[in-house]
Amino acid sequence: MRTVNDSNFANKKALIRVDFNVPLDKQTFAATDDTRLRAALKTINKIIADGGSVILMSHLGRPKGGPEDKYSLKHIVEHLSGLLNKPVKFINDCIGDDVKDAAENLKPGEILLLENLRFHPEEEKGDEKFAEQLSKLGDVYVNDAFGTAHRSHASTAVIAKYFSTENKMFGYLMAAEIEAGNKILNNHQKPFTAIIGGAKVSDKILILEKLIDKADNIVVGGGMAYTFIKATGGKIGNSLCEEDRLELAKQLLEKAKNKNVNFLLPYDSVIADKFDNDAMKANCMSHEIEDGWMGLDIGNKAINDFIEVIKNSKIILWNGPMGVFEMENFKNGTVEVAKAIAEATQNGAYSLVGGGDSVAAVNKFDLADKVSYVSTGGGAMLEFFEGKILPGIAAIEE
Ligand code: AMP
């Protein structure tokens, strides 16, 4: 794996694809969570310390094919500059003569941030001309945007072909993500436990299928568990259910059984009479939920079952919350699972947390530094574990 660590950037202009797709406050446009900005600092600092200059390119939000003020990267300039303790220049486009001039005039130690790549529809289309124009801005291409590594866009994949092998490489973040993912995929330590939760089975089918071939235990919680429980003949009341996935859920359970994989569903649930923190609450077995009630968290016995499995695991992958953890009254299952993963990690297990909501959960419960690795890429990490080749990785490795 070629990374920025293998190069000296003295007098070189490094064009870095970062993922600065951060949430912005709707009124002030200040970044409300700067995790993604912080995640890019190490790569930027290394290049500057070598005596190189840095040109940063990113997308932000989902503009509809043209400039939109609310998605301008200008909103993060000050914040980024504060984190780097250095001025950050900004230019209000990412291609064109002015951009070319700004890049050309950049001196060693200077940092230039380009405007949102997605203001040009060519970015998401993977347009070759657009990618080539971007490529002209730097001597070296660095991809440090794991969050978009599963997209074959102009700046994430197509651009790489305009650089020679030794002039394209991964940034530190990207390298760390790949290494963490591979630690799970290539590790033969046992037991390997995958904990999958969240709202939708349909989003996680491919990863579940793949994991059945690898894991010793698959623990399923959250809203998606009820489709499985219904598939086994359970009564789930008004809990989330994807009727069109019932057959597939049955097949997955069958496959797990044939492969001797312990497929664990929540024995009991915290149920509510409406989707509301102040709803009436009760506890019952997950396959005996009456109509008018819905499972919004895993119950106490399920928590104990899950903890027991997690405690004895050597490798742990967690994606997706165990319940509606955003609501105070239905967060317990997610908290307890997160704590159990932290404890197992303390006792020597390797744990990777990936996927937007489980990452939000470990952050919310202050456990992020107690697991082995927290991934910055939701969709990208999922696709990585589905066994797909990510275009952003392939483009550098070819
Ligand atoms: P996903 O994006 O599929 O990972 O789903 C995450 C969302 O699932 C979170 O916003 C949770 O509140 C929600 N969720 C988790 N468990 C349940 C449940 N039992 N019923 C409804 N929503 C849930």
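Parameters at a glance
- Residues numbered from 1 in each chain as written.
- Predicted model: local features only at pLDDT ≥ 70, side-chain atom pairs only at ≥ 80, totals over all residues.
- Heavy atoms only, no water.
- Helix = DSSP H or I, 4+ residues; strand = E, 2+ residues; numbered from the N terminus.
- Rg over C-alpha atoms; globule rule 2.2 N^0.38 Å.
- Buried < 20%, exposed > 50% of the residue type's maximum accessible area, 1.4 Å probe, protein only.
- Contact = heavy atoms within 4.5 Å.
- Areas by Shrake-Rupley, 256 points an atom, 1.4 Å probe, with all protein chains shown as cover.
- Lys, Arg positive; Asp, Glu negative; His and termini not counted.
- Charge placed at Lys NZ, Arg CZ, Asp CG, Glu CD.
- Pairing = 2+ DSSP bridges.
- Axes fitted to C-alpha atoms, helices over the stretch in contact; angles between N-to-C directions.
- Near = heavy atom within 4 Å.
- Polar contact = N/O pair within 3.5 Å; in protein donor to acceptor, adjacent residues only side chain to side chain.
- Nonpolar A, V, L, I, M, F, W, Y, C, P; charged D, E, K, R; others polar.
- Disulfide = S-S within 2.5 Å.
- Domains from an automatic or database assignment.

1. A word on the overall build of the protein chain
Piece 1. Tallying secondary structure elements over the protein chain gives 14 helices and 17 strands in all.
Piece 2. For the protein chain, whose C-alpha radius of gyration is 23 Å, the value lies close to the compact-globule estimate of 21 Å for 398 residues.
Piece 3. By its C-alpha atoms, the protein chain is 70 × 45 × 35 Å across when sized along the principal axes.
Piece 4. Taking all 398 residues of the protein chain together, the buried fraction comes to 56%.
Piece 5. Once local pairs closer than 6 in sequence are excluded, the contacts in the protein chain between residues at least 24 apart make up 73%.
Piece 6. Counting only carbon and sulfur atoms, one obtains 46% of the accessible surface of the protein chain, whose full area is about 17,200 Å².
Piece 7. Separation of charge centres in the protein chain, based on 47 positive and 57 negative side chains, amounts to 3 Å.

2. A word on the sheet that holds strand β16 (residues 350–353)
Piece 1. Here 6 strands make up an open sheet; going across it, the order is β10-β8-β7-β15-β16-β17 and the pairing parallel. A strand with exactly one partner marks an edge of an open sheet, and here the two such strands are β10 (262–264) and β17 (373–374).
Piece 2. As judged from the 3 bridges shared by strand β8 (residues 217–220) and β10, these two strands associate in the parallel manner. What sits directly across from Val-219, in β10, is Leu-264.
Piece 3. Contacts from helix α7 (residues 201–212) reach β7 (192–196), β8 and β15 (315–319) within the one sheet, and its direction differs from that of β7 by about 165°.

3. Section: the site of the ligand
Piece 1. As a matter of local geometry, the ligand sits amid 15 residues, with Ala-199, Gly-223, Gly-295, Glu-326 and Asp-357 nearest to it.
Piece 2. A distance of 3.1 Å separates an oxygen atom of the ligand from a polar atom in the side chain of Lys-204.
Piece 3. Gly-223 has a polar backbone atom sitting 3.0 Å from a nitrogen atom of the ligand.
Piece 4. Burial of the ligand by the protein amounts to 81% of the accessible area it has alone, namely 500 Å².
Piece 5. Residue classes in the shell around the ligand are distributed as 6 nonpolar, 5 polar and 4 charged.

4. Let's talk about the state of the cysteines
Piece 1. Applying the stated criterion to the full structure yields 0 disulfides.
Piece 2. A disulfide-free cysteine, Cys-241 has its sulfur positioned 15 Å from the sulfur of Cys-284, the nearest such atom.

5. Comments concerning the sheet that holds strand β11 (residues 268–272)
Piece 1. Read from one edge to the other, the open sheet built from 3 strands follows the order β12-β11-β14, with strand pairing classed as antiparallel. This sheet does not close on itself; its edge strands, each paired only once, are β12 (281–285) and β14 (294–298). Geometrically, the sheet is characterised by an average inter-axis angle of 40° between neighbouring strands, direction not taken into account.
Piece 2. When β11 meets β12, the two strands line up antiparallel, connected through 5 bridges.

6. Looking at the domain arrangement of the protein chain
Piece 1. When the domains of the protein chain are assigned, the result is domain 1 (4–174 + 393–397) and domain 2 (187–365).
Piece 2. Here domain 1 and domain 2 have C-alpha centroids that lie 37 Å from each other.

7. Comments concerning the environment of Asp-34
Piece 1. Tracing the sequence through the fold places Asp-34 in the loop between β1 (13–17) and α1 (35–50).
Piece 2. Taking the C-alpha atoms as reference points, Asp-34 and Asn-363, 329 residues apart in sequence, are found 13 Å from one another.
Piece 3. Excluding its chain neighbours within four sequence positions, the residues that come into contact with Asp-34 are His-79 and Leu-83.

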